[in-house]
Amino acid sequence: MRVYLAGPLFSLAERRFMARLRDQVGALPGVVALWPGDFFEGDDLPAMGATAKEHIFRGCLAGVDGCDLVVAVLDGAQVDDGTAFEAGYAHARGLPVWGLRTDFRVAGDTVHSLVNCMIECACARIFRDEASLVDAMAALAVKTEA
């Protein structure tokens, strides 16, 4: 089972969180974790100049297209716009999207929403902590192998 991990990568804290999540997910038997932080070398992008954005876009689309499940990290006052796109793209392609929102703030459209309704409704499941997500993924991986 191939799992694409969508989430912001702009701060050191975000990259560390996503790398730790990649390592947890990738340690599950039968699971391969795909993370855009591993797709691109940091020094490569500045050298590409104006073509870097297209390179990033195409690489992320290929990552989503090549997976069985997308996990979208939904933390923050608003969901990261790239993560929102990847979740929507996956949903439109018929891929299951699982959200992870560890943020205790409510950032949705109604009092019953965790995040923007378009993102929340694109998610088949939303987990509130990493352990629950990883446990559910481990159970899914066992079912997938069977």
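As shown above, the structure is provided for reference.
Residues numbered from 1 in each chain as written. Predicted model: local features only at pLDDT ≥ 70, side-chain atom pairs only at ≥ 80, totals over all residues. Heavy atoms only, no water.

K.L.:
Sorry if this is basic, but what is going on with helix α4 (residues 52–65) here?
P.N.:
Counting along an α-helix, one turn takes 3.6 residues, and residues three or four places apart therefore face a common direction. Taking 1.5 Å per residue as the helical rise, α4 with its 14 residues ought to reach 20 Å, and the 20 Å between its terminal C-alpha atoms agrees with that figure. Burial in α4 covers these residues: Ala-52, Cys-60, Leu-61, Gly-63 and Val-64. Across the axial projection of α4, the buried residues extend over an arc of 165°, all falling on one side. The inward-facing, buried residues of α4 contact β1 (2–6), β2 (32–34), α2 (36–39), α3 (44–48), β3 (69–73) and α5 (81–92). (Helix = DSSP H or I, 4+ residues; strand = E, 2+ residues; numbered from the N terminus. Expected span 1.5 Å × (residues − 1). Buried < 20%, exposed > 50% of the residue type's maximum accessible area, 1.4 Å probe, protein only. Arc of directions from axis to C-beta. Contact = heavy atoms within 4.5 Å.)

K.L.:
Whenever I open this one, the pairing of strand β4 (residues 97–100) confuses me. Can you help?
P.N.:
Along a regular strand, successive side chains alternate from one face of the sheet to the other. Side chains Val-97 and Gly-99 of β4 all project onto a buried face; the interleaved residues Trp-98 and Leu-100 project onto the opposite face, where all are buried too. Two elements, β3 and β4, share 4 bridges in a ladder whose sense is parallel. From the neighbouring strand, Val-73 faces β4, where its bridge partner is Leu-100. For the handedness criterion, the β-α-β arrangement of β3, α5 and β4 is classed as right-handed. (Pairing = 2+ DSSP bridges. Right-handed = clockwise from strand over helix to strand, strands pointing away.)

K.L.:
Explanation requested: the environment of Glu-145 in the structure shown.
P.N.:
Along the polypeptide, Glu-145 turns up in helix α7 (residues 130–145). The spacing of Glu-145 and Leu-12 is 133 residues in sequence and 35 Å in space, taken between C-alpha atoms. Ignoring sequence-local partners within four residues, the contact set of Glu-145 consists of Pro-29 and Gly-30.

K.L.:
I tried to follow the environment of Cys-121 on my own but got confused; where do I start?
P.N.:
Inspection of the secondary structure puts Cys-121 in helix α6 (residues 117–122). The spatial distance from the C-alpha of Cys-121 to the C-alpha of Asp-109 is 12 Å, given a sequence separation of 12 residues.

K.L.:
Please clarify how the nonpolar core should be interpreted in this entry.
P.N.:
The tendency in soluble globular proteins is for nonpolar side chains to be buried as a group. Formed by 23 residues in total, the largest nonpolar core has its most connected members in Val-3, Leu-5, Val-25, Val-71, Trp-98, Leu-133 and Met-137. Listing elements by their share of this core, those giving two or more residues are β1, α1 (12–26), β3, β4 and α7. Setting aside residues no more than four positions away along its own chain, Val-71 makes contact with Val-3, Tyr-4, Leu-5, Ala-6, Trp-98, Leu-133 and Met-137. Formed by 20 residues, the second largest nonpolar core is a distinct cluster that contains Leu-34, Phe-40, Cys-60 and Leu-74. (Core = buried A, V, L, I, M, F, W, Y, C linked by side-chain atoms within 4.5 Å.)

K.L.:
What exactly am I supposed to notice about the sheet that holds β1 here?
P.N.:
Across a sheet, strands are paired by hydrogen bonds formed along the backbone, either parallel or antiparallel in direction. Taken in spatial order, the 5 strands line up as β2-β1-β3-β4-β5 in an open sheet, and their pairing is parallel. Unpaired on one side and paired on the other, β2 and β5 (125–127) mark the two borders of the sheet. Strand-to-strand, the axes of this sheet are offset by a mean angle of 25°, without reference to chain direction. Along the sheet, α1 makes contact with β1, β2, β3 and β4, crossing β1 at roughly 165°. The sheet strands contacting α7 are β1, β3, β4 and β5, and the helix crosses β4 at an angle near 155°. (Axes fitted to C-alpha atoms, helices over the stretch in contact; angles between N-to-C directions.)

K.L.:
What exactly am I supposed to notice about the packing of α4 against α5 here?
P.N.:
For any two helices packed against each other, one specifies the crossing angle of their axes together with the interaxial distance. Two elements in contact, α4 and α5, have axes separated by 10 Å at closest approach and are oriented at 45°. On the basis of their axis angle, the class for α4 and α5 is oblique. Viewed along their axes, α4 and α5 form a crossing whose handedness is right-handed. Across the interface between the two elements, Phe-57, Cys-60, Leu-61, Val-64 and Asp-65 of α4 pack against Phe-85, Glu-86, Tyr-89 and Ala-90 of α5. The class makeup of the residues in the contact of α4 with α5 is 7 nonpolar, no polar and 2 charged. (Parallel < 35°, antiparallel > 145°, perpendicular 65-115°, else oblique. Left-handed = near helix turned anticlockwise from the far one by under 90°. Nonpolar A, V, L, I, M, F, W, Y, C, P; charged D, E, K, R; others polar.)

K.L.:
In this structure, what is going on with the pairing of β3? I would like to understand it.
P.N.:
Burial of β3 is extensive: 5 of the 5 residues sit out of reach of the surface. Across the two faces of β3 the burial is the same, with Leu-69, Val-71 and Val-73 and Val-70 and Ala-72 all buried. Pairing geometry for β1 and β3, over 4 bridges, is parallel. Among the inter-strand pairings, Tyr-4 is bridged to a residue of β3, identified as Val-70.

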